[in-house]
Amino acid sequence: MNYNIALIHGDGIGPEIVTEAKKVLDKVCDVYGHSFTYKNVLLGGASIDVHGIPLTQEAVDTAKSCDAVLMGSIGGDAKTSPWYKLEPSKRPEAGLLAIRKALNLFANLRPAYLYDELKEACPLKEDRIGDGFDMIIVRELTGGLYFGERKTEEVDGVMTAVDTLSYNENEIRRIAVKAFEIAGKRKKKVTSVDKANVLDSSRLWRKVVEEVAKDYPDITLEHMLVDNCAMQLVHNPGQFDVILTENMFGDILSDEASMVTGSIGMLSSASLNETSFGLYEPSHGSAPDIAGKGIANPIATILSAAMMLRFSLNLDKEADAVEAAVQEVLKEGYRTGDIMSEGCKKVGTVEMGDLIADKIK
Ligand code: NAD
């Protein structure tokens, strides 16, 4: 089959890691008889340099014309990059928020998986890690506190700021459906995280999630308060399969979950809309401190490409092959600097990409 993939190389280490992910995808094409047509899209600093703005309508249109988008990361060093002298709406990150909105990417998926080979990097004690963990956080991405009305004004002589947290039942239903669908392909458990003891938006969240659960009788649903979830993630991470939550809770919990895996360079992510279309990117940023040095870990981007194969292109076998290749290379002891440990073989970005591509069968 032929698929159209929009490639956003981005800024910092973005071009280096996307090149390696493309190398792996090209190998998947060779082995499984597919062909991918790539269309380059500028976003963030790279777009500012050419067009003066972080996202153009042409970039949105190109992305929309493809089956999926694979992205590196965008942004620069806030202290030294000229991009940060621009007003906030013209900076690189504004482009990322705008493309998510334009593509209606309301579901953010962030897996947190502990590789046996990287157990040493996990900051939790052995008895907490148990048999390891394999969870995915499904976060609502286009509603809630980050998109509600906000204002800062003087009230009776006192500066006062207000942010508004609002969700309607449709927004909740569509993200809940995604979470249950994903759980169906995994260990069949959804933990819905809210603050229903305090917030109205959470009480509606809980009610709608329970309604959706009725359509998925084979999936276990549990509710958990967000403060408890923050504790459980470090107390017993192995209990989770799919964590379903709203925008701000998900923002915080997904960073916490990524920290317990111990290796930011390994974590993929996907943002999906109501169809199978999605934008796939590593969870980490553009790492300007190591850009151009050939030492960035490309695995998060390669695993994001695997998610793209699975969720947007419905190529489960091919996604499995990429994930297995990553695991095998780790098992053989190859590491980039960020995940290096004693006795392992240190490799750079390009070698890591070569090793993984070679293992695709
Ligand atoms: P960062 O994730 O870029 O870097 C944090 C630390 O992790 C750095 O020491 C970096 O060298 C290291 N690191 C990150 N990815 C790595 C990899 N693949 N291999 C090896 N080491 C890696 O976070 P930051 O420094 O806070 O942000 C840098 C820039 O990235 C900022 O402009 C920020 O806005 C942007 N950012 C973009 C995204 C995105 O594109 N979605 C996400 C987060 C941050």
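The structure reproduced in this document is the subject of the present report.

The rules behind the values
- Residues numbered from 1 in each chain as written.
- Predicted model: local features only at pLDDT ≥ 70, side-chain atom pairs only at ≥ 80, totals over all residues.
- Heavy atoms only, no water.
- Helix = DSSP H or I, 4+ residues; strand = E, 2+ residues; numbered from the N terminus.
- Rg over C-alpha atoms; globule rule 2.2 N^0.38 Å.
- Contact = heavy atoms within 4.5 Å.
- Areas by Shrake-Rupley, 256 points an atom, 1.4 Å probe, with all protein chains shown as cover.
- Lys, Arg positive; Asp, Glu negative; His and termini not counted.
- Charge placed at Lys NZ, Arg CZ, Asp CG, Glu CD.
- Axes fitted to C-alpha atoms, helices over the stretch in contact; angles between N-to-C directions.
- Parallel < 35°, antiparallel > 145°, perpendicular 65-115°, else oblique.
- Left-handed = near helix turned anticlockwise from the far one by under 90°.
- Nonpolar A, V, L, I, M, F, W, Y, C, P; charged D, E, K, R; others polar.
- Near = heavy atom within 4 Å.
- Polar contact = N/O pair within 3.5 Å; in protein donor to acceptor, adjacent residues only side chain to side chain.
- Buried < 20%, exposed > 50% of the residue type's maximum accessible area, 1.4 Å probe, protein only.

**Let's talk about the overall build of the protein chain**
Tallying secondary structure elements over the protein chain gives 12 helices and 14 strands in all. Computed over C-alpha atoms, the radius of gyration of the protein chain comes to 20 Å, within 12% of the 21 Å expected from 2.2 N^0.38 for 361 residues, which places it in the range of a compact globule. Summarising its shape, the C-alpha atoms of the protein chain cover approximately 60 × 50 × 40 Å along the three principal directions. Nonlocal contacts in the protein chain, meaning residues at least 24 apart in sequence, comprise 75% of its contacts between residues at least 6 apart. Only carbon and sulfur atoms are counted for the fraction: they give 51% of the accessible area of the protein chain, which is about 15,900 Å². One finds the centroid of the 40 positive side-chain charges in the protein chain at a distance of 1 Å from the centroid of its 55 negative side-chain charges.

**A word on the packing of helix α1 (residues 14–32) against helix α10 (residues 299–311)**
Between α1 and α10, the shortest axis-to-axis distance is 8 Å and the interhelical angle comes to 45°. It follows that α1 is oblique to α10 by the angle criterion. With respect to the hand of their crossing, α1 and α10 are arranged in right-handed fashion. The residues of α10 that touch α1, namely those facing I17, V18, E20, A21, V24, L25 and V28, are T301, I302, A305, M308 and L309. When grouped by side-chain class, the residues that make up the contact of α1 with α10 number 10 nonpolar, 1 polar and 1 charged.

**Section: the site of the ligand**
Residues in close proximity to the ligand total 20 residues, the closest being G76, E93, G285, A287 and N297. Take Y84: an N or O atom from its side chain is 3.2 Å from an oxygen atom of the ligand. Between the ligand and the protein, one listed contact pairs an oxygen atom with a backbone N or O atom of A287 at 2.8 Å. Those elements that place two or more of their residues in the shell around the ligand are β3 (68–73) and α4 (92–102). Here the shell around the ligand is built from residues that sort into 9 nonpolar, 7 polar and 4 charged.

**Structural notes on the environment of D131**
Structurally, D131 is set in the loop between α5 (126–129) and β5 (134–140). Exposure remark for D131: the relative accessible area of 85% places this residue in the exposed category. In the structure, D131 is positioned 107 residues away from G238 in sequence and 7.4 Å away in space, judged by C-alpha atoms.

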